[in-house]
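In case you want the letters, here they are:
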Amino acid sequence: MSLDTGPASTAWSRALSIVAAVGPPVTVATALLIYFGWARADAQAQFMGLNASLFGYSTQDFVLISVSSLFLPLILLLLAGILWRAVDAWLRRRVPHRQRLVLRLGTGALLAGVLAGVVTLILILVLPARNTLFGPYVLALGVLIAAWGARLRRLRQFPGPEAADPPPAQATPVPSVRGRAGEAAMVFALVTLLLFWGTANYAQALGRSIAVSLEQSVEDLPHARVYS
């Protein structure tokens, strides 16, 4: 019994790949918007001696609060993702012909990601007050770059039957589909936690700055007199 490999199966595989590529980033972006709105409102309310629950914010309100502050960063993040996908696809096409180049790029990306993560983590532990705002984002970027470098090295070792040079005789066995899925899931979970960490720090700093600005401009706000 043969499997169906016709146009319908190919179209279905492409649709699944598109959903797998677009779905997780959109889900994470939506969750970040909601969490950012809540963290900003909570930090602002706490600075003013109040509780955010007193204002009765809904999920839609948290998203609307976040849009003005996260609109540009999310656009830049999506553009970076599109650029990364294009570069990754170009390198995958070059694997059969430029294996050494891909190997060097993969090794460089792996070392750069690990080095960036280690240095940023040390700076966060030594100087937490100065590096906790953008440190988690740098850590997330280092994890992604290191994972990408490891993936490029894996493609170099196992480029496929059309490769110009044969793989090494004592190469490491190809990871199974389950192993690659587990690795991708752990990387995705770690990057998501780092993004939430950085978002919380940024939202709290922004909420406190808004509360300070409001406190300093109280005299310029409209006044109301109540006669009873």
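Numbering of residues starts from 1 in each chain and follows the order in which that chain's sequence is written. Owing to the predicted nature of the model, reporting of local features is limited to residues with pLDDT of at least 70; listing and counting of side-chain atom pairs is limited to 80 or more, with chain, interface and lining totals taken over all residues. Think of the side-chain values as coming from all heavy atoms in the structure, minus any hydrogens and water.

### Looking at the overall build of the protein
Part 1 of the reasoning: A tally of regular secondary structure across the protein gives 6 helices and 0 strands.
Part 2 of the reasoning: Elements are defined by DSSP. Helices are runs of H or I of four residues or more, strands are runs of E of two residues or more, and each kind is numbered from the N terminus. Going residue by residue from the N terminus, the α and β elements of the protein occur as α-α-α-α-α-α.
Part 3 of the reasoning: Between two residues, a contact is recorded if the distance between any of their heavy atoms is within 4.5 Å. Contacts in the protein between residues at least 24 apart in sequence constitute 81% of all its contacts with a sequence separation of at least 6.
Part 4 of the reasoning: With residues, only the protein chains shown are counted as cover, and all accessible areas are computed by Shrake-Rupley using a 1.4 Å probe. About 15,800 Å² of surface is accessible on the protein, with carbon and sulfur atoms providing 68% of the total.

### What to know about the nonpolar core
A general trend in soluble globular proteins is that nonpolar side chains are found buried together.
Part 1 of the reasoning: We define the nonpolar core as a collection of buried residues of types Ala, Val, Leu, Ile, Met, Phe, Trp, Tyr and Cys that are connected through side-chain atoms lying within 4.5 Å of one another. Note on exposure labels: buried denotes an accessible area under 20% of the residue type's maximum, exposed denotes more than 50%, and partly exposed covers the range between, all computed with a 1.4 Å probe on protein chains only. Of all hydrophobic cores here, the largest spans 8 residues; its members are V28, L32, I124, L139, A140, V191, L194 and L195.
Part 2 of the reasoning: Among the secondary structure elements, those contributing two or more residues to this core are α1 (7-47), α5 (135-157) and α6 (177-216).
Part 3 of the reasoning: Among the elements that make up this core, the one with the highest residue count is α6 (3 residues).
Part 4 of the reasoning: Excluding its chain neighbours within four sequence positions, the residues that come into contact with L139 are G117, T120, L121, I124, L194 and W197.
Part 5 of the reasoning: Core analysis: the next-biggest nonpolar cluster, separate from the first, contains 7 residues, F36, L70, A203 and L206 among them.

### A word on the packing of aromatic side chains
Part 1 of the reasoning: Note on ring pairs: Phe, Tyr and Trp rings are taken, using the six-membered ring of Trp, and paired if centres are within 6.5 Å. Classes follow the plane angle, with under 30 degrees stacked, over 60 edge-to-face and the rest tilted. In this structure the tally under the stated criterion is 5 aromatic pairs.
Part 2 of the reasoning: By way of ring pairs, the aromatic residues Y35, W38 and F196 are connected into one cluster.

### Structural notes on the side chain of N201
Part 1 of the reasoning: Tracing the sequence through the fold places N201 in helix α6.
Part 2 of the reasoning: Ignoring any residue separated from it by four or fewer positions in sequence, one finds N201 in contact with T132, L133 and P136.

### Observations regarding helix α3 (residues 99-126)
Part 1 of the reasoning: Here a helix's expected span is defined as the number of its residues, less one, multiplied by 1.5 Å. An ideal rise of 1.5 Å per residue puts 40 Å on 28 residues; α3 measures up with 40 Å between its terminal C-alpha atoms.
Part 2 of the reasoning: The set of residues buried in α3 consists of Q99, V102, G106, A109, G113, G117, T120 and I124.

### Quick look at the confidence of the model for the protein
Low-pLDDT stretches of the model should not have their predicted coordinates read in fine detail.
Part 1 of the reasoning: What pLDDT conveys is the predictor's confidence in a given residue, as a value from 0 to 100. Per-residue confidence for the protein gives a mean pLDDT of 75; residues scoring 70 or more make up 75%.
Part 2 of the reasoning: Mean pLDDT across the secondary structure elements of the protein bottoms out at helix α4 (residues 128-131), with 67, and peaks at α3, with 84.
Part 3 of the reasoning: Low pLDDT (under 50) marks residues 158-172, which in the prediction has 13 contacts with non-local residues, meaning those over four places away or in another chain.

### Remarks on the environment of D61
Part 1 of the reasoning: Within the secondary structure layout, D61 lies in helix α2 (residues 59-94).
Part 2 of the reasoning: Put simply, D61 and G37 are 24 residues apart on the chain and 7.7 Å apart in space, counted from C-alpha to C-alpha.

### Section: the side chain of Q44
Part 1 of the reasoning: One can find Q44 in helix α1.
Part 2 of the reasoning: The residues touching Q44, leaving out its near neighbours within four places in the chain, are G207, I210, A211 and L214.

### Focus on a nonpolar patch on the surface
Part 1 of the reasoning: Patches were defined on residues exceeding 30% relative accessible area and lacking a salt bridge, with like-charge contacts within 9 Å and nonpolar side-chain contacts (Val, Leu, Ile, Met, Phe, Trp, Tyr) within 5 Å. Salt bridges are defined as contacts in which a side-chain nitrogen from Lys or Arg sits within 4 Å of a carboxyl oxygen from Asp or Glu. On the surface, F47, M48, L50, L54, F55, Y57, L214, V218 and L221 cluster together to form a nonpolar patch covering roughly 800 Å² of accessible area.
Part 2 of the reasoning: Residue placement: V218 occurs in the segment after α6.
Part 3 of the reasoning: Using a relative accessible area of 41% as the deciding quantity, one classes V218 as partly exposed.

### Some remarks on the environment of W148
Part 1 of the reasoning: Positionally, W148 belongs in helix α5.
Part 2 of the reasoning: Considered as a pair, W148 and G106 are 42 residues apart in the sequence and their alpha carbons are 7.3 Å apart.
Part 3 of the reasoning: Beyond its immediate sequence surroundings of up to four residues, W148 is in contact with W84, V87, D88, L91 and A109.

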